[in-house]
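Each chain, letter by letter, is given below.
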Amino acid sequence: MNMTLDGFCNHTAMIADEEIHQHYNELLRNADTLIYGRTTYQLMETYWPSVVKNPTGNKPADEFAVLIDNISKIVYSRTLQQVDWKNSILKKEIIKDEVLELKRSGNGGSKNIIVGSPGLIVAFTQLDLIDEYQLGLQPTVIGSGLPLFKNIRDRLNLKLLKTKTFSCGALALYYEPVKK
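Just so we're clear, the structure is a prediction, and the values are computed from it rather than from any experiment. (Residues numbered from 1 in each chain as written. Predicted model: local features only at pLDDT ≥ 70, side-chain atom pairs only at ≥ 80, totals over all residues. Heavy atoms only, no water.)

Peer 1: What is the right way to look at the overall build of the protein in this model?
Peer 2: For the protein, the helix and strand inventory stands at 6 helices and 10 strands. Relative to its length of 180 residues, the protein is compact, with a C-alpha radius of gyration of 16 Å against a globular reference of 16 Å. Across its three principal directions, the C-alpha atoms of the protein cover 50 × 35 × 30 Å. Across the 180 residues in the protein, those meeting the buried criterion constitute 39%. Long-range contacts, defined as pairs at least 24 residues apart, comprise 67% of the intrachain contacts of the protein with a sequence gap of at least 6. Looking at the protein as shown, the accessible area adds up to about 10200 Å², and 51% of this sits on carbon and sulfur atoms. In the protein, which carries 21 positive and 20 negative side-chain charges, the distance between the mean positions of the two groups comes to 4 Å. (Helix = DSSP H or I, 4+ residues; strand = E, 2+ residues; numbered from the N terminus. Rg over C-alpha atoms; globule rule 2.2 N^0.38 Å. Buried < 20%, exposed > 50% of the residue type's maximum accessible area, 1.4 Å probe, protein only. Contact = heavy atoms within 4.5 Å. Areas by Shrake-Rupley, 256 points an atom, 1.4 Å probe, with all protein chains shown as cover. Lys, Arg positive; Asp, Glu negative; His and termini not counted. Charge placed at Lys NZ, Arg CZ, Asp CG, Glu CD.)

Peer 1: Just checking my understanding: could you explain the pairing of strand β3 (residues 31–37) for this structure?
Peer 2: Within β3, 6 of the 7 residues are buried, which leaves it mostly tucked inside the rest of the structure. The pairing of β3 with strand β6 (residues 112–115) spans 4 bridges and is parallel. Considered in β6, the bridge of T33 is made with I113. Note that β3 and strand β4 (residues 72–76) share 5 bridges and pair parallel. If you follow L34 over to β4, its bridge partner there is K73. (Pairing = 2+ DSSP bridges.)

In structure tokens form, the structure reads like this:
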């Protein structure tokens, strides 16, 4: 999940240079499933399939488009009636046992499952379904917006596993939840 220095999620405030796209390409290559909420799904679905059809000429961005287009996607939404992006399925509610089964199965291998929506990160956190947080911290302050951890009710302690620094000043921070 990408966020600004002041803790807000806003894709228009993010740096998406070649180095960052390469980082996310590697993340997608090591994943088997993406999980989105309605808003993030619609944002991604309206842009990336068009890049697959009409590449931009930016190699890392074009590669990202192909990777995200081909990966399995689960969309949680109570309002969408259907999802049209290839390899996408729609679910109306989060059922913890279904997610645990998906995690256990590795969805066909030992690859990761990526949750890419702020609201779902909160929901999955409250259900104790997150094994690792990968936060892209952008060197930007925007002052307002959607906080990444909005509606977290209980304290969440995290252990820093590693960091990655990008030449643009962004950081990737990897944390695991500290079990109570």
